[in-house]
Amino acid sequence: MKVALLHALPLDERMWESQLDALSAAGHEPAAPRLYELGSSMDEWARAILDRVEGRFAAVGASMGGYVALAIARRAPERLAGLVLVGSRAEADAPERRPTRERWLQAVAADGAEGLWREMHQTVFPGLRGQTLERVRAMALGQDPEGLAQAITAIRDRDDAQNVVASLACPLLVAAGDGDPLVSPEVARRLAASAAEGRAEIFEGAGHLPSVEQPDRFERLLLDFLAPLS
């Protein structure tokens, strides 16, 4: 099975290193593109992924990557064999989130990747510790400010995708940490229940990045999800 792994803000494709190895070892064909280099909107990213990955595939998106996966599902539902959303949701950005996005944009304009990391560390990734924190921080600080600003704008301006989830013709897996400050277990379960064939998996002790924080468990879950689709 071809699998597109779509990364979160402010990270890049390196967040999927463990999953790339696990998927390849299991006989799948994973790809993890750097989204910042493929455009500046959800639709542009979705179009680029559809051009790069031939035939049917499973899309696995973490946070921002989940919004891209939903844009793929809107544009070409027949191409998706399965959809996995990790710490992601289907709603458009709520009006009360706009000041946060504007603060992030101002932080990037003033201090680049370091400014955005300061904004996101305690609000989006408060539970990260030790080597995981250092790995995520290093990835975040290595990003180009222009790409980060474009990504924040794309997140802010994304379309609502609740109707996309309701009309999915492929299985949906929603993974969320019980300590995620952005996607609660209730939101994850509600999202899964809105699909014809949806399932939610809650990671106890994880935050916004369960695939990074608990990679072994996430990989077992992902491989089990993909097995009947191959």
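Fair warning: this is a prediction, and the values are worked out from it, not measured in the lab.

Attention now moves to the sheet that holds strand 3 (residues 57-62). Taken in spatial order, the six strands line up as 2-1-3-4-5-6 in an open sheet, and their pairing is parallel. Two strands bound the open sheet, and with one partner strand each, they are strand 2 (29-31) and strand 6 (198-203). Each strand axis lies, on average, 15 degrees off the axis of its neighbour in the sheet, ignoring direction. Bridge count for strand 3 against strand 4 (residues 80-86) is six bridges, and the pairing is parallel. Paired with valine 60 across the bridge in strand 4 is valine 84. Across the sheet, helix 8 (residues 185-193) lies against strand 4, strand 5 (172-177) and strand 6, angled at about 165 degrees from strand 6, the strand it touches most.

The next point concerns helix 3 (residues 64-75). The first and last C-alpha atoms of helix 3 sit 17 Å apart over twelve residues, in line with the 16 Å expected at 1.5 Å per residue. Burial of helix 3 is extensive: ten of the twelve residues sit out of reach of the surface. Turning to helix 3, the residues buried within the fold contact strand 1 (2-6), helix 2 (42-52), strand 3, strand 4, helix 6 (145-156) and helix 7 (162-166).

Most of strand 1 sits inside the fold, with four of its five residues counted as buried. Where strand 1 and strand 2 come together, three bridges link them in parallel fashion. Looking at strand 2, one finds that lysine 2 is bridged to glutamate 29. After leaving strand 1, the chain enters helix 1 (residues 17-25) and then returns to the sheet as strand 2, a path that is right-handed. Bridge count for strand 1 against strand 3 is five bridges, and the pairing is parallel. When the bridges of strand 3 are listed, leucine 6 appears paired with glycine 61.

Okay, unusual backbone geometry next. Each neighbour pair has its own omega, and for leucine 9 with proline 10 the value is 0 degrees, a cis peptide bond. Inspection of the secondary structure puts proline 10 in the loop between strand 1 and helix 1. Backbone geometry places serine 63, a non-glycine residue, at a positive phi of 55 degrees. Inspection of the secondary structure assignment puts serine 63 in the loop between strand 3 and helix 3. Assessed through its relative accessible area of 10%, serine 63 is described here as buried.

Scoring rules and cut-offs
Residues numbered from 1 in each chain as written. Predicted model: local features only at pLDDT ≥ 70, side-chain atom pairs only at ≥ 80, totals over all residues. Heavy atoms only, no water. Pairing = 2+ DSSP bridges. Helix = DSSP H or I, 4+ residues; strand = E, 2+ residues; numbered from the N terminus. Axes fitted to C-alpha atoms, helices over the stretch in contact; angles between N-to-C directions. Contact = heavy atoms within 4.5 Å. Expected span 1.5 Å × (residues − 1). Buried < 20%, exposed > 50% of the residue type's maximum accessible area, 1.4 Å probe, protein only. Right-handed = clockwise from strand over helix to strand, strands pointing away.

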